[in-house]
Amino acid sequence: MNFGILNSAPSHWERRPLWTVVRRRDITGRPQAELLSVYRDHGVVPRSSREDNFNKPSEDLAAYRYVRPGDLVLNKMKTWQGSLGVSQYEGIVSPAYFVCEMSPDIDARYAHHLLRSEPYIHLYRAASKGIRPNQWDLPFDEFRQLPLLLPPLTEQRRIARFLDEETAKLTHIEDRSHRLTRLLEERKSALASDCFTFDRSEDAPSVPLRRAVKRWIDYRGATPSKTDAGIPLVTAKNIREGRVDLEASREYIAADAYTDWMRRGLPEMNDVLLTTEAPLGQVAMVNDTSIALAQRVIVLRSELAICSPEWLYWYLRSPQGQAELELRATGSTALGIKADRLRGVPIPLPASSEAFRRLSQLSTSVTRVDSLQQQLIEQRTLIAERRRSLITAAVTGQFDVTTASGRNVTEGVSV
């Protein structure tokens with residue numbers, strides 16, 4: 001195996017196999033402990049701190065593995081993506097994860113940065129087994145044989161302290177960027193609310209959703225087997241903030257399975273997509289028809305003589321439309337809506353000239369907001385690149401952290 005940049009580390013740093021400092025540990029029977037999750041971008045965090053984890057935990061948590069602060073946790077199915085980290089929390093994780101205790105020879109924070117760095121992600125990919133990426137699995141015996149860069153303990157602590165401080169600066173900027181994005185999203189919601197607010201003097205009758213659409217397509221049955229290439233599969237996870245985000249969950253089905261799976265009907269341009277659960281009420285408009293649609297994503301094709309696709313799209317995204325969906329939803333832990341209840345959602349329909357005026361005004365305002373949001377996305381991409389480069393340089397000894405000021409870490413990415 002080619003260790004690449006790891007070979008250029010300082011000569012006084014030890015090279016060892018990972019098994020000399022990590023040991024797998026299986027402690028179960030702690031069902032009352034806090035549930036933890038492992039994220040590619042965040043490491044180990046309390047499951048309750050995230051709103052984007054729609055995987056349901058088992059009803060019986062007795063087999064979940066116990067994690068102590070300072071333990072290394074790996075999602076063996078996604079380690080090759082960077083889903084691992086040293087936990088700062090006590091709790092339990094899925095039985096599908098590896099939990100390791102670490103030797104006092106290695107500083108926990110140094111290990112966290114090192115094992116999540118780009119050179120190690122490449123090693124995990126090379127060591128993982130499986131036919132296709134979605135089924136890759138990192139065997140623990142392969143993981144424990146990987147090389148470890150081990151500076152003297154005092155140097156490990158300096159590196160960890162430096163990276164904690166410098167990445168915290170980037171995270172602070174990133175958090176502000178996310179807050180601004182959320183504020184802009186709230187602004188769009190307010191604009192949509194204004195579009196669908198009518199006073200008593202305005203004539204805005206409504207029709208049930210079943211009359212506003214001429215085609216209603218949902219996809220049922222077992223989803224075809226996933227592949228590492230083919231037709232992108234759009235699940236509920238991929239529909240967010242009014243658009244289809246293929247990067248949110250990269251799944252594919254084979255082209256030869258596509259025709260059978262989509263036999264109920266193929267999506268067309270400007271069809272409106274709506275998630276019916278997990279999460280409920282996410283909306284997007286089709287702008288690329290070369291996609292497959294999973295369960296819990298339905299297609300609504302407007303009856304143009306009654307309602308334009310844009311009107312339907314924005315109404316379902318608006319606070320008024322979301323409230324109507326929630327009013328008809330059922331479920332205690334995760335809201336969902338049945339087809340018969342969804343068909344009765346009222347769609348307000350003012351005169352066509354008034355609808356056109358309102359949509360034009362909304363579009364102009366939203367375009368300005370979208371431009372600002374795109375700038376923030378580009379900023380966060382730059383932050384992520386800076387973070388990866390900084391960590392890789394520090395944990396491979398490309399510079400001495402005792403003399404590095406980090407003054408250029410945040411240059412050009414401040415908010």
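A.B. asks: Quick rundown of the sheet that holds strand 12 (residues 213-217)? Include the residues and the values.
C.D. replies: Pairing is antiparallel in the open sheet, where four strands are placed in the order 12-21-18-19. Strand pairing shows two members of the sheet lacking a second neighbour, strand 12 and strand 19 (280-285), which therefore form its edges. Taking each pair of neighbouring strands and ignoring which way they run, the sheet shows an average axis angle of 25°. Bridging between strand 18 (residues 272-276) and strand 19 involves four bridges; their strand directions are antiparallel. Across the sheet, residue Val272 finds its bridge partner in strand 19, namely Met285. Against the sheet, helix 7 (residues 309-317) contacts strand 12, strand 18, strand 19 and strand 21 (297-302), and its axis sits at roughly 150° relative to strand 19. Most of the contacts of helix 8 (residues 319-328) go to strand 19, to which it runs at about 135°, and overall it touches strand 18 and strand 19.

A.B. asks: So what's going on with the side chain of Thr396? Which residues, and what values?
C.D. replies: Tracing the backbone through its elements, the reader meets Thr396 in the segment after helix 10 (352-395). A polar contact of 2.5 Å, which involves the side chain of Thr396, links it to the backbone oxygen of Thr392. A polar contact is formed between the side chain of Thr396 and the side chain of Gln398, at a distance of 3.0 Å.

A.B. asks: Run through the confidence of the model for the protein, naming residues and quoting values.
C.D. replies: Residue-level pLDDT values for the protein average 89, and 93% of them are 70 or greater. Here strand 13 (residues 226-227) stands out as the element of the protein with the lowest mean pLDDT, 82, in contrast to helix 7, whose mean of 96 is the highest.

A.B. asks: Go over the environment of Arg68 with me, naming the residues and quoting the values.
C.D. replies: Relative to the assigned elements, Arg68 resides in the loop between strand 5 (65-67) and strand 6 (72-75). We classify Arg68 as partly exposed; its relative accessible area is 32%. Taking the C-alpha atoms as reference, Arg68 lies 20 Å from Arg157; in sequence the two are 89 residues apart. Excluding its chain neighbours within four sequence positions, the residues that come into contact with Arg68 are Arg25, Ser87, Tyr89 and Glu101. At 3.0 Å, the side chain of Arg68 and the side chain of Glu101 are in polar contact.

Cut-offs and rules
Residues numbered from 1 in each chain as written. Predicted model: local features only at pLDDT ≥ 70, side-chain atom pairs only at ≥ 80, totals over all residues. Heavy atoms only, no water. Pairing = 2+ DSSP bridges. Helix = DSSP H or I, 4+ residues; strand = E, 2+ residues; numbered from the N terminus. Axes fitted to C-alpha atoms, helices over the stretch in contact; angles between N-to-C directions. Contact = heavy atoms within 4.5 Å. Polar contact = N/O pair within 3.5 Å; in protein donor to acceptor, adjacent residues only side chain to side chain. pLDDT = per-residue confidence, 0-100. Buried < 20%, exposed > 50% of the residue type's maximum accessible area, 1.4 Å probe, protein only.

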